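# Report on the structure
In case you want the letters, here they are:
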Amino acid sequence: MTTGVPLSTAPRRRSRARTFLPLAVAAWMILEIWLLSLVAGAAGGLTVAALLIGGIVLGAVVIKRAGRRAFKNLTNTFQQAQQGRQPTPQQPGGGNGLTMLAGLLLILPGLVSDVAGLLLLIPPVRALVGHRAGRSLERRMAAAPAGSFGDAFQQARIHQPDGKVVQGEVIRENDPQRPAPGPDAGYRPPLAP
């Protein structure tokens, strides 16, 4: 079955991230192995093993604390919403996501990842990284073309069981810019037959 749309035979161009990310990961792994071998040569294998085990234990403790804090914040938000109060906003830079990332970096074997994880545990550094990441994400979402992932926050898509995608939008009943409803305002046609 043909759709009448010509298929492009030109190869798709790879994005920069897909090109350089594997190279960056490989370089990072080589650097980690080289640094571990340097430390093992200077201080011994037991020192390297103690550093790696200490990083794993510290990372697990950091992730556990951040997870408990995130669950406590979620519980408080739900309790405030049930009581009809406006939930209190979280303080910037106090995000649990970056704290969990710091714990994950500590768990990964290697000295560079441990240093990066320890740096993310310092509150001013964590606040700076969180602020920059938030600004970068906002810029990318604002510059996203229609139909991209960034546009997903502005459109609703309903996936039917047969695989068809129906685009739609949310219409709020209390919207002051919406015109007055017509005579058949109560009738809404079904989305699927």
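Just so we're clear, the structure is a prediction, and the values are computed from it rather than from any experiment. (Residues numbered from 1 in each chain as written. Predicted model: local features only at pLDDT ≥ 70, side-chain atom pairs only at ≥ 80, totals over all residues. Heavy atoms only, no water.)

### Observations regarding the overall build of the chain
- Regarding its fold elements, the chain presents five helices and two strands.
- Partitioning the contacts of the chain with sequence separation of at least 6, the portion at a separation of at least 24 is 50%.
- About 15,800 Å² of surface is accessible on the chain, with carbon and sulfur atoms providing 65% of the total. (Helix = DSSP H or I, 4+ residues; strand = E, 2+ residues; numbered from the N terminus. Contact = heavy atoms within 4.5 Å. Areas by Shrake-Rupley, 256 points an atom, 1.4 Å probe, with all protein chains shown as cover.)

### Describing the side chain of Thr99
- Assignment of secondary structure puts Thr99 in helix α3 (residues 96-107).
- With near-sequence residues (within four places) excluded, Thr99 lies in contact with Val62, Ala66, Arg69, Leu121 and Arg126.

### A few points about α3
- Between its terminal C-alpha atoms α3 stretches 16 Å, which fits the 16 Å expected from twelve residues at 1.5 Å a residue.
- The inward-facing, buried residues of α3 abut α2 (45-82), α4 (111-120) and α5 (123-142). (Expected span 1.5 Å × (residues − 1).)

### Points about the environment of Ser37
- With respect to the element layout, Ser37 can be found in helix α1 (residues 16-43).
- Exposure remark for Ser37: the relative accessible area of 43% places this residue in the partly exposed category.
- At 2.7 Å, the side chain of Ser37 forms a polar contact with the backbone oxygen of Trp34. (Buried < 20%, exposed > 50% of the residue type's maximum accessible area, 1.4 Å probe, protein only. Polar contact = N/O pair within 3.5 Å; in protein donor to acceptor, adjacent residues only side chain to side chain.)

### Concerning the confidence of the model for the chain
- Confidence in the prediction of the chain, expressed as mean pLDDT, is 78, and 66% of residues score 70 or more.
- Mean pLDDT across the elements of the chain ranges from a minimum in strand β1 (residues 156-159), with 48, to a maximum in α4, with 93. (pLDDT = per-residue confidence, 0-100.)

### Some thoughts on a nonpolar patch on the surface
- On the surface, a nonpolar cluster with roughly 580 Å² of combined accessible area is contributed by Leu21, Val25, Trp28, Met29, Leu101, Leu104 and Leu108.
- Among the secondary structure elements, those contributing two or more residues to the nonpolar patch are α1 and α3.
- Top contributing element to the nonpolar patch by residue count: α1, with four residues.
- Tracing the backbone shows Trp28 in helix α1. (Patch = residues over 30% accessible without salt bridge, like charges linked within 9 Å, V, L, I, M, F, W, Y side chains within 5 Å. Salt bridge = Lys/Arg side-chain N within 4 Å of Asp/Glu carboxyl O.)

### Section: the packing of α3 against α4
- Orientation of α3 relative to α4, taken along the N-to-C sense of each, is 155°, at an axis distance of 7 Å. By the angle between their axes, α3 is roughly antiparallel relative to α4. Once α3 is placed against α4, the crossing between them reads as left-handed. Of the residues in α4, those in contact with Leu98, Leu101, Ala102, Leu105 and Leu106 of α3 are Ser113, Asp114, Ala116, Gly117, Leu118 and Leu120.
- Of the residues that constitute the contact of α3 with α4, the class distribution is eight nonpolar, two polar and one charged. (Axes fitted to C-alpha atoms, helices over the stretch in contact; angles between N-to-C directions. Parallel < 35°, antiparallel > 145°, perpendicular 65-115°, else oblique. Left-handed = near helix turned anticlockwise from the far one by under 90°. Nonpolar A, V, L, I, M, F, W, Y, C, P; charged D, E, K, R; others polar.)

### Comments concerning the packing of α1 against α4
- Relative to each other, α1 and α4 sit at 100°, their axes nearing to 7 Å. Accordingly, the angle class assigned to the pair α1 and α4 is roughly perpendicular. Together, Trp28, Leu31, Glu32, Leu35, Leu36 and Val39 of α1 and Leu111, Val112 and Ser113 of α4 make up the contact between the two elements.
- Residue composition of the contact of α1 with α4, grouped by class: seven nonpolar, one polar and one charged.

### A word on α4
- Here α4 has its buried residues at Leu111, Ser113, Asp114, Gly117 and Leu120.
- Turning to α4, the residues buried within the fold contact α1, α2, α3 and α5.

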